[in-house]
Amino acid sequence: MLDGSLEGRVALVTGGTRGIGLATARALAEAGATVVLTGRDEAKAKEAAAAAGADSGLALDVTDAKAVSTLVRGVAKEHGKLDIVVANAGIMEDALLGMIREELVDTTLSTNVAGTLHTVQAAARAMMRKKTGAIVVLASIVGEHGSAGQTVYAASKAAVANIARSAAKELGRSGIRVNAVAPGVIDTDLTSGLTEDAKAENIGKTPLGRLGTPEDVANAIRFLVSDDASFITGQVLGIDGGLVL
Ligand code: NDP
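On a predicted model such as this, the values are computed, not experimentally measured, just so you know. (Residues numbered from 1 in each chain as written. Predicted model: local features only at pLDDT ≥ 70, side-chain atom pairs only at ≥ 80, totals over all residues. Heavy atoms only, no water.)

### Observations concerning the overall build of the protein chain
A count of helices and strands for the protein chain gives eight helices and seven strands. For 245 residues, the compact-globule estimate of 2.2 N^0.38 gives 18 Å, and the C-alpha radius of gyration of the protein chain, at 17 Å, lies within 12% of that figure. Over its C-alpha atoms, taken along the principal directions, the protein chain stretches across nearly 50 × 40 × 35 Å. When burial is assessed residue by residue, the protein chain has 50% of its 245 residues classed as buried. Residue pairs in contact within the protein chain that sit at least 24 positions apart in sequence constitute 69% of those at least 6 positions apart. Entry remark: accessible area of the protein chain is about 11,800 Å², with carbon and sulfur atoms responsible for 53%. Charge centroids of the protein chain, computed over 24 positive and 28 negative side chains, lie 9 Å from each other. (Helix = DSSP H or I, 4+ residues; strand = E, 2+ residues; numbered from the N terminus. Rg over C-alpha atoms; globule rule 2.2 N^0.38 Å. Buried < 20%, exposed > 50% of the residue type's maximum accessible area, 1.4 Å probe, protein only. Contact = heavy atoms within 4.5 Å. Areas by Shrake-Rupley, 256 points an atom, 1.4 Å probe, with all protein chains shown as cover. Lys, Arg positive; Asp, Glu negative; His and termini not counted. Charge placed at Lys NZ, Arg CZ, Asp CG, Glu CD.)

### Examining unusual backbone geometry
For K131, which is not glycine, the phi dihedral falls at a positive 55 degrees. Among the structural elements, K131 can be located in the loop between α4 (102-128) and β5 (133-138).

### Some points on the sheet that holds strand β1 (residues 10-13)
Sheet architecture is open: seven strands sit in the order β3-β2-β1-β4-β5-β6-β7, paired in parallel fashion. Edge strands, defined here as strands with exactly one partner in the open sheet, are β3 (56-59) and β7 (236-239). Taking the axes of each pair of neighbouring strands and ignoring which way they run, one obtains an average angle of 20 degrees across the sheet. Bridging between β1 and strand β2 (residues 34-39) involves four bridges; their strand directions are parallel. Across the sheet, the residue bridging to L12 is V36, located in β2. Relative to strand β6 (residues 176-183), helix α8 (residues 214-225) is tilted by about 165 degrees, and along the sheet it contacts β4 (84-87), β5, β6 and β7. (Pairing = 2+ DSSP bridges. Axes fitted to C-alpha atoms, helices over the stretch in contact; angles between N-to-C directions.)

### Quick notes on the UniProt feature "domain: Ketoreductase" (unreviewed entry) in the protein chain
The feature "domain: Ketoreductase" (unreviewed entry), as annotated in UniProt, sits at residues 9-184 in this numbering. Between the C-alpha atoms that bound residues 9-184 there is a distance of 29 Å. The span itself is 52% helix and 18% strand. (UniProt positions renumbered as here; feature names shortened; annotations may be inferred.)

### What to know about the layout of surface pockets
As a volume, the largest pocket reaches approximately 1,300 Å³. Lining the largest pocket are 49 residues, with M92, Y153, T188, L190 and T191 positioned closest to its centre. Of all elements in the fold, only α1 (19-30), β2, α5 (141-145), α6 (151-171) and α7 (196-205) reach the threshold of two or more residues within the lining of the largest pocket. Examining the composition of the lining of the largest pocket, we find that four residues originate from one element, α7, more than from any other. Counted by class, the lining of the largest pocket contains 19 nonpolar, 20 polar and 10 charged residues. (1 Å grid on protein atoms, 1.4 Å probe; cavity = no way out; pocket = protein on both sides within 12 Å on 5 of 7 lines; lining within 4 Å. Points joined across faces, edges and corners; volume = space filled by probe spheres on them. Nonpolar A, V, L, I, M, F, W, Y, C, P; charged D, E, K, R; others polar.)

### Focus: the packing of α1 against α8
Relative orientation of the contacting elements α1 and α8 amounts to 50 degrees, with a least axis distance of 8 Å. As judged from the angle between their axes, α1 and α8 are oblique. Crossing angle aside, the handedness with which α1 passes α8 is right-handed. Taken together, the residues of α8 that come into contact with α1 (itself represented by G19, I20, A23, T24, R26, A27 and L28) are P214, E215, V217, A218, I221, R222 and V225. Class assignment for the residues of the contact of α1 with α8 results in nine nonpolar, two polar and three charged. (Parallel < 35°, antiparallel > 145°, perpendicular 65-115°, else oblique. Left-handed = near helix turned anticlockwise from the far one by under 90°.)

Put into structure tokens, the structure is as follows:
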């Protein structure tokens, strides 16, 4: 009987201090998992962990490959295993083509692409020994469909979707599933810069008639990392209220 329970599982959520990451940490903890969440600032991570009912909050900058590897190894060692990793940490900054600065390219690609890659690599290493595990990465509808003013971000999220597809092909035989979620417009700090007009326009284009909540995304992630999704890998699941239809 499948019930979505994550009892006895050990989970790591990067970028868990707010928004989708915080809601995901809470959803996994509510399903019974022991959850470790991270953020760049240790005090904020600890505060978020307490709010989410997570086991602990640790400082981590996902752009630092060595730090990611050390933290993931440490979590797996402390808890005896690592079953679930959600590579959620990400940034979004808009710029029209002519205004794209090299620094924006560097920070976006090092956080969204390299950061996700570091996390998936470290997760795979930690999960390989037990030949079981579930990884979810955060893509975006923008990565699948493009968006004016978001060329750099869209490129980074297209890369993230293909990290999921490629890693799924590579890790399936080791019992490790890798999926991506592609949220639409979710009401978090990341989208707080949108004008009320832009929000209304998005809602108007969305068949389900509202913006997404962090919990909408967290619930889908909780499903994807559970045994209910045990034959699902390499997918990019849209969570957008039908916005791209
Ligand atoms: P928020 O801006 O609310 O939160 C981002 C999280 O990422 C924070 O916890 C932040 O932690 C962390 N973070 C940022 N940079 C780093 C870094 N270098 N190292 C470690 N952690 C970092 O974003 P959302 O919750 O909205 O988004 C979460 C993910 O979902 C992102 O990957 C985003 O691209 C993706 N997404 C979001 C959508 C939306 O509409 N909101 C739509 C599609 C995809 P801290 O600042 O505390 O260090």
